[in-house]
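Here are the chains, one letter per residue:
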Amino acid sequence: QVQLVESGGGLVQAGGSLGLSCAASGGTFSSYTMAWFRQAPGKEREFVAVISRTGISTYYTDAVKGRFTISRDNAKNTVYLQMNSLKPEDTAVYYCAATWKVFGAYGPSQYDYWGQGTQVTVSS
């Protein structure tokens with residue numbers, strides 16, 4: 001059983017930056033493909049970015065390509081999401097998630113473990 005705890009959310013002006021962290025415990029972190037999802041009010045949870053077990057491979061949804069960077073540090077059991085050039089439409093609760101599956105762009109139902117989420121609000 002893996003426990004995931006996100007941190008780093010907050011309020012930022014459009015064009016600004018935020019960095020999110022997700023600390024894992026209770027499992028072998030390097031065994032999991034890790035991802036970030038987000039959910040805005042009244043909308044479904046959507047995929048943001050995914051990173052392979054080794055960190056070599058990454059994939060992003062088109063809406064954040066070139067602005068967000070996912071990374072991981074297996075020695076620290078932590079996955080990160082660096083968000084630059086933020087837009088009001090990036091406002092959402094951001095969740096990290098872990099899956100046993102090999103690297104791929106999966107939907108929420110394919111992930112085994114979830115954090116509690118952290119709020120990101122981008123003002124215009």
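Look a little higher up for the structure.
Residues numbered from 1 in each chain as written. Predicted model: local features only at pLDDT ≥ 70, side-chain atom pairs only at ≥ 80, totals over all residues. Heavy atoms only, no water.

Describing the state of the cysteines
Should the sulfur atoms of two cysteines be covalently bonded, the bond is a disulfide. Under the counting rule described, the total for this entry stands at 1 disulfide. A sulfur-sulfur separation of 1.9 Å characterises the disulfide bridge that pairs cysteine 22 with cysteine 96. Because the torsion about its S-S bond is 45°, the bridge between cysteine 22 and cysteine 96 counts as right-handed. Remark: cysteine 96 occurs in strand 9 (residues 92-99) and cysteine 22 occurs in strand 3 (residues 18-25); sequence separation between them is 74 residues. Cysteine 22 gets classed as buried once you look at its relative accessible area, which sits at 0%. Relative accessible area serves as the criterion here: at 0%, cysteine 96 is assigned to the buried category. (Disulfide = S-S within 2.5 Å. Helix = DSSP H or I, 4+ residues; strand = E, 2+ residues; numbered from the N terminus. Buried < 20%, exposed > 50% of the residue type's maximum accessible area, 1.4 Å probe, protein only.)

Side note on the pairing of strand 5 (residues 46-51)
Extensive coverage of strand 5 is indicated by the burial of 5 of its 6 residues. Two elements, strand 4 (residues 33-39) and strand 5, share 5 bridges in a ladder whose sense is antiparallel. Bridge pairing in strand 5 places methionine 34 opposite isoleucine 51. The hairpin turn running from strand 4 into strand 5, its antiparallel successor, is 6 residues long, and glycine 42 in that turn takes a positive phi close to 80°. One ladder, built from 3 bridges, connects strand 5 with strand 6 (residues 58-60); its direction is antiparallel. From the neighbouring strand, isoleucine 51 faces strand 6, where its bridge partner is threonine 58. (Pairing = 2+ DSSP bridges.)

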